[in-house]
Amino acid sequence: MDEVVLVIKEYASLAKVINAIGKFSPEKSMAEIKEIIEKGDPVLACSYTDGNGIGNIIKCYKELIAEGTSAEIYEHGRICEQQLLENLVKTYGDINADIEEIINEEES
């Protein structure tokens, strides 16, 4: 499994959880999000190499935790710490900056 996913475990307010997830998944209806949560399926998912997607999962996770929701992030099918993913996103950003610099040097 080469995805990073966010799963909701427990929540006090389903409406707040749906609202938070809806910000990062606007293509899903409220009813779809509710069904996903109730099934225990991942509410957000992205490729392990998608820095922007991982960043959105981290932002949503932080928002949910701040509201008292119990959520877990998984990468490659295992529970993953938020800090590890933040480091990964930073690394992807550094790599992109290096590549952009190389391209700019070659064009000059």
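Report on the accompanying structure. (Residues numbered from 1 in each chain as written. Predicted model: local features only at pLDDT ≥ 70, side-chain atom pairs only at ≥ 80, totals over all residues. Heavy atoms only, no water.)

Running from N to C, helix α1 (residues 14-24) and helix α2 (residues 30-39) cross one another at 115°; their axes reach a closest spacing of 10 Å. Comparing their axes, α2 and α1 come out roughly perpendicular. The two elements α1 and α2 meet at a crossing, and its hand is right-handed. Across the interface between the two elements, L14, V17, I18, I21 and G22 of α1 pack against M30, I33, K34, I37 and E38 of α2. (Axes fitted to C-alpha atoms, helices over the stretch in contact; angles between N-to-C directions. Helix = DSSP H or I, 4+ residues; strand = E, 2+ residues; numbered from the N terminus. Parallel < 35°, antiparallel > 145°, perpendicular 65-115°, else oblique. Left-handed = near helix turned anticlockwise from the far one by under 90°. Contact = heavy atoms within 4.5 Å.)

On to α2, then. Those residues of α2 that fall on the buried side of the exposure criterion are I33, I36 and I37. Along the long axis of α2, the arc covered by the buried residues comes to 100°, so they all point the same way. For α2, exposure combined with an orientation more than 90 degrees from the buried face picks out A31 and K39. Check the buried side of α2 and you find it contacts β1 (3-10) and α1. (Buried < 20%, exposed > 50% of the residue type's maximum accessible area, 1.4 Å probe, protein only. Arc of directions from axis to C-beta.)

Topologically, S25 is positioned in the loop between α1 and α2. Looking at S25, its side chain comes within polar contact range of the side chain of E27, at 3.0 Å. (Polar contact = N/O pair within 3.5 Å; in protein donor to acceptor, adjacent residues only side chain to side chain.)

This next bit is on the pairing of β1. Bridge analysis of β1 against strand β2 (residues 44-47) gives four bridges, and the strand direction is antiparallel. Within the sheet, the bridge partner assigned to L6 lies in β2 and is L44. Sheet topology note: the β1/strand β3 (residues 70-75) ladder contains six bridges and is antiparallel. Bridging from a neighbouring strand, I8 pairs with A71 of β3. (Pairing = 2+ DSSP bridges.)

The next thing to look at is the nonpolar core. Ranked by internal contacts, the top residues of the largest apolar core, which has 26 residues, are L6, I8, I21, I37, V43, I54 and L85. For this core, the secondary-structure elements that each account for two or more residues are β1, α1, α2, β2, α3 (51-66), β3 and α4 (82-107). The element best represented in this core is α3, accounting for six residues. Not counting residues within four places of it along the chain, the set of residues in contact with I37 comprises I8, Y11, L14, V17, I18, I21 and V43. (Core = buried A, V, L, I, M, F, W, Y, C linked by side-chain atoms within 4.5 Å.)

A separate point is the packing of α1 against α3. Packed helix pairs are characterised by how far apart their axes lie and by the angle those axes make with each other. As a packed pair, α1 and α3 sit with axes 10 Å apart at the nearest point and diverge in direction by 165°. Relative to α3, the element α1 lies roughly antiparallel. Crossing geometry of α1 relative to α3 is assigned as right-handed. Every residue of α3 that contacts α1 at V17, A20, I21, K23 and F24 is listed here: N56, K59, C60, E63 and L64. Taken together, the residues of the contact of α1 with α3 break down into six nonpolar, one polar and three charged. (Nonpolar A, V, L, I, M, F, W, Y, C, P; charged D, E, K, R; others polar.)

Scope: geometric values only; no functional claims are made or implied.
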